[in-house]
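Single-letter residue listing:
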Amino acid sequence: MLVALNETENIVNLLELNPTYLADLARQFLRCPACKSQVRLKNGRIKTPHFAHVSLATCQYYSENESLQHLTLKKRLYHWFKQTEQVEIEHFLPDLQQTPDLLVNKTLAIEIQCSHLSIQRLRERTEMYRANGYTVLWLMGKDLWLDENMTEFKRQLLYLTQNAGFYYWELDLQREKLRLKYLCHEDLTGRLHHLQREFDFDSGCLLQVLRTPFASTSEKLIVQLSQDIQTFITRQLYYQSPKWLKIQEKYYQNGRNLMTVKNFPIKVYPIGLNVLTRQFEGVIKPEFCQITNDVSVYYNHFIAYLQDETFYPPGFYAKVAKKRDA
Ligand SMILES: [Zn+2]
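- Identification of the protein chain as Competence protein CoiA from Pseudolactococcus laudensis is taken from an unreviewed UniProt entry.

In structure tokens form, the structure reads like this:
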């Protein structure tokens, strides 16, 4: 942790402290702003100076085992925000019993997530912020970057706008970049497709950068599948992939056979749209922890448009639907 209460009950923020005062600080009686138990200044050679609880009893509000990546990113974003916004680091919110990494302009909570947590915990924390009038934005460290396939956990960290579709934020400390992956789609083989944009640390207004997914754009995603879907499915069933066996079972139950489907009308689709069993189950609305708007509207417009290789943001399909219905 980077903040502590000093003897006069004031918050000491290590990022704002003149290094010459560090020695003096080490002699003071310091406490955790949340649990109020004693903390001590750690001024090692590898990690940046930070505070740690003296007692081994864990404090649930501040993490002691933050990685160097997490600490450094927090520091970097704090300074980047500070150029244009009012920002607090590790500000304990007693009503929520939570400590966002950064609190921007008193309303935007920034969480730099560098490791897994349970989906339930993620949901609780997100809903707690929302219920108390905060917006929470999760920015993901290296271990949580998107890769070839979407996982259930990462899906809970996706956001959605009319102009960027499903999107995801990544922090690249090594290259000093904030990365936006947007128009996230997946294909029938489970492979992820998206566009991406990178922003250099410290260049421009960070709040403005974080609003990028709301800006209107004419960009589109073009996907050319490298694999024949039918061959892929045949192989999956041959090797008894549990996922595909389950889908095949659903087909059987409905008197169909997945192997004999000649052509799949939808091979690439927005994240979470269940295209394979949709004909039996209808459009099922999946859970998205960070998304409060109704994704099935986007799905329905997408299905109605039906195109093969080019994919647009939800706003595009909504416009087409509006024109068609007019
Ligand atoms: Zn504490």
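### Digging into the overall build of the protein chain
Moving on, step 1. Counting secondary structure elements, the protein chain contains ten helices and 16 strands.
Moving on, step 2. Expressed along its principal axes, the backbone C-alpha trace of the protein chain runs to roughly 75 × 45 × 35 Å.
Moving on, step 3. By the burial criterion, 50% of the 326 residues in the protein chain qualify as buried.
Moving on, step 4. Intrachain contacts of the protein chain at a sequence separation of at least 6 include 58% that bridge at least 24 residues.

### Digging into the side chain of lysine 74
Moving on, step 1. Mapped onto the secondary structure, lysine 74 falls in helix H2 (residues 68-82).
Moving on, step 2. Residue lysine 74 is classed as buried on the basis of its relative accessible area of 1%.
Moving on, step 3. Not counting residues up to four positions away in its chain, the partners in contact with lysine 74 are Leu2, Glu66, Ile89, Glu90, Asp101, Leu102 and Ile112.

### A word on the coordination of the zinc ion
Around a metal, the idealised angle for a tetrahedral arrangement of four donor atoms is 109.5 degrees; for an octahedral arrangement of six donor atoms it is 90 or 180 degrees.
Moving on, step 1. Every protein donor of the zinc ion is listed here as Cys32 (SG), Cys35 (SG), His53 (NE2) and Cys59 (SG), and their distances to the metal cover 2.1 to 2.3 Å.
Moving on, step 2. Taken together, the four donor atoms coordinating the zinc ion and their angles of 103 to 125 degrees define a geometry best described as tetrahedral.
Moving on, step 3. Counting gaps between the donor residues of the zinc ion yields the pattern C-x2-C-x17-H-x5-C.
Moving on, step 4. Overall, the relative accessible area of 8% leaves histidine 53 in the buried class.
Moving on, step 5. Classification of cysteine 59 by relative accessible area gives buried; the value is 12%.

### Digging into the UniProt feature "domain: Competence protein CoiA nuclease-like" (unreviewed entry) in the protein chain
Moving on, step 1. According to UniProt, the positions carrying the feature "domain: Competence protein CoiA nuclease-like" (unreviewed entry) are residues 66-178.
Moving on, step 2. End C-alpha atoms of residues 66-178 are separated by 20 Å, and the span's content is 28% helix alongside 27% strand.

### Here we look at the UniProt feature "domain: Competence protein CoiA-like N-terminal" (unreviewed entry) in the protein chain
Moving on, step 1. If you check UniProt for "domain: Competence protein CoiA-like N-terminal" (unreviewed entry), the listed places come out as residues 30-61 in our numbering.
Moving on, step 2. The straight-line gap between the two end C-alpha atoms of residues 30-61 is 16 Å; of that span, 0% is helix and 34% is strand.

### Considerations on the nonpolar core
Moving on, step 1. Formed by 104 residues in total, the largest nonpolar core has its most connected members in Phe51, Ile110, Phe166, Trp169 and Leu178.
Moving on, step 2. It is H2 that provides the largest number of residues to this core, a total of six residues.

### So, the packing of aromatic side chains
Remark: the centre distance and the inter-plane angle together describe each pair of aromatic rings, the angle taken between the planes.
Moving on, step 1. Tallying each qualifying case throughout the model produces 21 aromatic pairs.
Moving on, step 2. Taking the centre distance of 6.3 Å and the plane angle of 85 degrees together, the rings of tyrosine 305 and tyrosine 312 count as edge-to-face.
Moving on, step 3. Assessed through its relative accessible area of 27%, tyrosine 305 is described here as partly exposed.
Moving on, step 4. Since its relative accessible area comes to 16%, tyrosine 312 is described here as buried.
Moving on, step 5. Here a set of aromatic residues connected by ring pairs shows up, and it is made of Phe166, Phe288, Tyr298, Tyr299, Phe302, Tyr305, Phe311, Tyr312, Phe316 and Tyr317.

### Digging into unusual backbone geometry
Moving on, step 1. Not every positive phi belongs to a glycine, and lysine 36 is a case in point at roughly 65 degrees.
Moving on, step 2. When you line up the elements, lysine 36 lands in the loop between strand E3 (30-31) and strand E4 (38-42).
Moving on, step 3. On the basis of relative accessible area, lysine 36 is assigned to the partly exposed category, the value being 41%.
Moving on, step 4. Positive phi is not limited to glycine here, since glutamate 176 has a value of about 55 degrees.
Moving on, step 5. Relative to the helices and strands, glutamate 176 resides in the loop between strand E11 (165-172) and strand E12 (177-187).

### Focus on the domain arrangement of the protein chain
Moving on, step 1. Entries for the protein chain in the domain assignment read domain 1 (1-65), domain 2 (66-221) and domain 3 (229-325).
Moving on, step 2. One C-alpha centre belongs to domain 1, the other to domain 2; they are set 26 Å apart.
Moving on, step 3. In total, domain 1 and domain 2 occlude about 1400 Å² of area from one another, counting both sides; carbon and sulfur atoms represent 58% of this.
Moving on, step 4. Taken together, the connections running from domain 1 to domain 2 amount to one salt bridge.

### Topic: the side chain of glutamine 113
Moving on, step 1. Relative to the assigned elements, glutamine 113 resides in strand E8 (residues 108-113).
Moving on, step 2. A polar contact is formed between the side chain of glutamine 113 and the backbone oxygen of serine 115, at a distance of 2.8 Å.
Moving on, step 3. Discounting residues that sit within four places of it in the chain, glutamine 113 has contacts with Trp138, Leu139, Met140, Gly141 and Leu144.

### Considering the pairing of strand E5 (residues 50-53)
Moving on, step 1. Burial of E5 is two-sided: the residues His50 and Ala52 facing one way and the residues Phe51 and His53 facing the other way are all buried.
Moving on, step 2. Of the pairings in the sheet, the one linking E4 to E5 comprises four bridges and is antiparallel in character. By the bridge assignment for E5, valine 39 is matched with histidine 53.

### As for the pairing of strand E9 (residues 135-140)
Moving on, step 1. Of all six residues making up E9, five are buried, and the element is well covered by its neighbours.
Moving on, step 2. With six bridges connecting them, E8 and E9 associate as parallel partners. Bridge assignment links glutamate 111 to a residue of E9, and that residue is tryptophan 138.
Moving on, step 3. In the classification by handedness, the crossover that spans E8, the intervening helix H3 (residues 119-131) and the parallel E9 is right-handed.

Calculation notes
Residues numbered from 1 in each chain as written. Predicted model: local features only at pLDDT ≥ 70, side-chain atom pairs only at ≥ 80, totals over all residues. Heavy atoms only, no water. Helix = DSSP H or I, 4+ residues; strand = E, 2+ residues; numbered from the N terminus. Buried < 20%, exposed > 50% of the residue type's maximum accessible area, 1.4 Å probe, protein only. Contact = heavy atoms within 4.5 Å. Donors = N, O, S within 2.8 Å, 3.2 Å for Na, K, Ca; no water. Tetrahedral: all angles 85-135°; square planar, octahedral: opposite > 155°, others 65-115°. UniProt positions renumbered as here; feature names shortened; annotations may be inferred. Core = buried A, V, L, I, M, F, W, Y, C linked by side-chain atoms within 4.5 Å. Phe/Tyr/Trp six-rings, centres within 6.5 Å; stacked < 30°, edge-to-face > 60°. Domains from an automatic or database assignment. Buried area = accessible area lost by both parts, 1.4 Å probe. Salt bridge = Lys/Arg side-chain N within 4 Å of Asp/Glu carboxyl O. Polar contact = N/O pair within 3.5 Å; in protein donor to acceptor, adjacent residues only side chain to side chain. Pairing = 2+ DSSP bridges. Right-handed = clockwise from strand over helix to strand, strands pointing away.

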